[in-house]
Each structure stands twice: as structure tokens, then as C-alpha cells.
Amino acid sequence: MLYSVISEGQTSWLALGGILFAFVATVAALAKLSPYLPKDAGREFAHDGNLSAGKPRGAGIIFVLVFVVTSMLFVPMDRETSVYLILVVICMFTGFLDDASRMPWGQFRKGFLDLCVAALTAWNFMKFNSTDVELALFHVGFSMPGWLFAVLAVILVWVSVNVTNCADGVDGLSGTLTIITIMTVYVVDRMLNVSQDFSYLILLLAVCILGYLWYNATPSRLMMGDAGSRAMGLFISIAILKTGRPFLYIPVALVLILDGGLGLVKLSLLRVKIRVLKKVRTPLHDHVRKVWGWSNTQTVFRYAIIQIIVAVAVVYGIR
């Protein structure tokens, strides 16, 4: 680990080097390795889903691994952080195996694997952190019983993984929203003096996603697949937990929740014969493009604008 051999006065230059390394390595690795990725077969029920057919899919395996390697090189590693990175890799690999499979994995298999990762994430967090919770926008804090915190943490992680995955359907959308979300968390961390080392992890992931977006902006040359979206969703949930204010997830990831989450709610209710949102296509990014006539670029920009406005309000409310 490079950090261990750098004097304190050089840490700023090291941090800059890590950021530059993450971006350059991501761009170079994607350019070199993307031809070896599985090819997308198109999505039958998605709006313009046929346009993705033939593009390299599963690019998340590349930029997530670059993120993990960069973190190991430039960030001081402790046991808690090491376990988080291992879980991100596990989540990435389960997504990639689905990306590469000829037959898509069933929802129950993916849901169970996500539940296992969520339980391990909650356990790792509780091992090294307290269960004290603050409602940041109301400046109210309280201690939550361990069992209740564990249940809510598992729900948070599982939801974050799946709504981020469901929001991945428009060139640049999921990556852009994830960057806005985690950078909002970064600003909150700096305001609240949360661990600087973990805050630096946020910057590294944001830069790696930017390297991916270099190729994924409309019209995209490749797609992150479940390998990227699930890993990003997991990291978002970890970053939120580390703030000590888990309910911040709702505003800082609001657009991800609405775009991907409504589809999950609709599907879950259909399983028990309850029909809701019958005139709304889900994920919502399909509705705004098919029904409202938004272009891909308009969808990404307008979603991003909404989330940025919410983020500014959150930061102002915490000050």
C-alpha cells in the first residue's frame, strides 16, 4: 500500500495521484478489455431496448476492480474497509455472472444473493460502529436497539442494490445519479467530520464511474450491466451508513429510489394480485421516454437536475 510509505506532508499529492490513477486506469482498462466482455442481447420489454443489442455488457467488472485496486494502493486499509471492498467485489461478480449468462438469473436467486450481501454488510458495520442514529435534517439523535438497526440496515442495503440496478436502462443515467448521490454524501461527510479515509473512497469510486461514463454517454459504446449497478448500489448504502444518518438515503438517492423503486413495488404487489400504477411504465425512465417523449439525453439531464436540487436542499438543511 503506497499510503504507508508516504510522509504526512505528501498525502495531498498522494490523494491527487490516486484520483488521476483511478481515472486513467479506468479509461485505459475499458478501452483494452471491453472487446472481451459479453455482448448484450437487447431488452425485449424496455423502450428502445433493441438499440443495446451487440454492445459489450458487464463493464462494471472493469471499473469496479479498478476502484478496488486503487483503494488498496492509495487508502489506508483496516478490517472494516477491507470487508466492505470484498463485499463490493462479491456483489459485482454475482452481477457479472448474470450479465454473462445465456439465461438471465431468476429474481429469487438474485434477491437471495443480495440479501446475503446485505446481512454481511450490516454485520460488518455493527461490528465497528455504534447503532446511534441521527435524523440529520431534524437534528434529533437517538440510540436504536441492535436488532432493529440490523433489520433496517439489511433493508437499506437490499433496497439500494436493487433500485440502483433497476435505474440502469438509459445511457449514462445510473452512473450519473450515483455520482451525484455519493458526492452529496461526501459533502455531508466533510461537514460532519466523518472518516476522511472513507470519504476518499467516495472520490475514487466517483472518478472510476466518470471513466466509465467516458464511453457510456449517449450514444454509448458499452454498458455496465448488473456488475456495475449492483456494486454501486451496495457502495451507496455503505456510504450512507457511515454517515451515522441512514435515513439520509431517502433524499440523497431520491431519484434512484423513484425511478427503480416504483417498479419493484409494482411487481411485488402484482404477485399478491394487487394492481397499481397500471398506466405508468416502470422503470420510470421508460415512462418518460415512451409516454412523455423525452430523449435519452433529456432523461439523464432532467433526472440529474432534480437530484442536484434535492442534494443542495439536503446540504443546506444539515448545516
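Further up the page is the structure itself.
Fair warning: this is a prediction, and the values are worked out from it, not measured in the lab.

A. Spatial organisation of the packing of aromatic side chains. Counting across every chain of the model gives eight aromatic pairs. Measuring from ring centre to ring centre gives 5.7 Å for Phe21 and Phe74, while their planes differ by 45°; the resulting arrangement is tilted. Of this pair, Phe21 sits in helix H1 (residues 11-33) while Phe74 sits in helix H2 (residues 60-74), and the two are 53 residues apart along the sequence. Look at Phe67 and Phe235: their rings are 5.6 Å apart centre to centre, the planes differ by 85°, and that puts the pair in the edge-to-face class. With Phe67 in helix H2 and Phe235 in helix H8 (residues 225-242), this pair connects stretches of sequence that are 168 residues apart. On the basis of relative accessible area, Phe235 is assigned to the buried category, the value being 3%. Aromatic ring contacts, followed pair by pair, group Phe67, Phe198 and Phe235 into a single cluster.

B. Here's a closer look at the pairing of strand S2 (residues 140-143). Bridge count between strand S1 (residues 132-135) and S2: four bridges; the pairing is antiparallel. By the bridge assignment, Leu135 is partnered in S2 with Val140. Connecting the antiparallel pair S1 and S2 is a turn made up of four residues, with His139 showing a positive phi of about 55°.

C. Expanded view of unusual backbone geometry. With omega at -5°, the peptide bond leading from Thr218 into Pro219 counts as cis. With respect to the helices and strands, the residue Pro219 is situated in the loop between helix H7 (196-216) and H8. Of the consecutive residues Thr282 and Pro283, the connecting peptide bond is found in the cis state with omega at -5°. Among the secondary structure elements, Pro283 is positioned in the loop between helix H10 (254-271) and helix H11 (284-290). Phi at His139 is positive, roughly 55°, even though this residue is not glycine. Tracing the chain through its elements places His139 in the loop between S1 and S2. Overall, the relative accessible area of 48% leaves His139 in the partly exposed class.

D. Region of the structure containing the environment of Arg319. Tracing the sequence through the fold places Arg319 in the segment after helix H12 (296-318). Overall, the relative accessible area of 62% leaves Arg319 in the exposed class. As for Arg319 and Ala136, which are separated by 183 residues in sequence, their C-alpha atoms are 9.5 Å apart. Look past the residues within four positions of Arg319 in its chain and what remains in contact with it is His139 and Met191.

E. Seen up close, the packing of H2 against helix H3 (residues 79-100). Close contact between H2 and H3 brings their axes to 10 Å; oriented N to C, the two are set at 170°. For the element pair H2 / H3, the angle class is roughly antiparallel. By crossing handedness, the relation of H2 to H3 is classed as left-handed. Taken together, the residues of H3 that come into contact with H2 (itself represented by Gly60, Ile61, Val64, Leu65, Phe67, Val68 and Ser71) are Leu85, Val88, Val89, Met92, Phe93 and Phe96. Looking at the contact of H2 with H3, its residues break down into eleven nonpolar, two polar and no charged.

Thresholds, definitions, all that
Residues numbered from 1 in each chain as written. Predicted model: local features only at pLDDT ≥ 70, side-chain atom pairs only at ≥ 80, totals over all residues. Heavy atoms only, no water. Phe/Tyr/Trp six-rings, centres within 6.5 Å; stacked < 30°, edge-to-face > 60°. Helix = DSSP H or I, 4+ residues; strand = E, 2+ residues; numbered from the N terminus. Buried < 20%, exposed > 50% of the residue type's maximum accessible area, 1.4 Å probe, protein only. Pairing = 2+ DSSP bridges. Contact = heavy atoms within 4.5 Å. Axes fitted to C-alpha atoms, helices over the stretch in contact; angles between N-to-C directions. Parallel < 35°, antiparallel > 145°, perpendicular 65-115°, else oblique. Left-handed = near helix turned anticlockwise from the far one by under 90°. Nonpolar A, V, L, I, M, F, W, Y, C, P; charged D, E, K, R; others polar.

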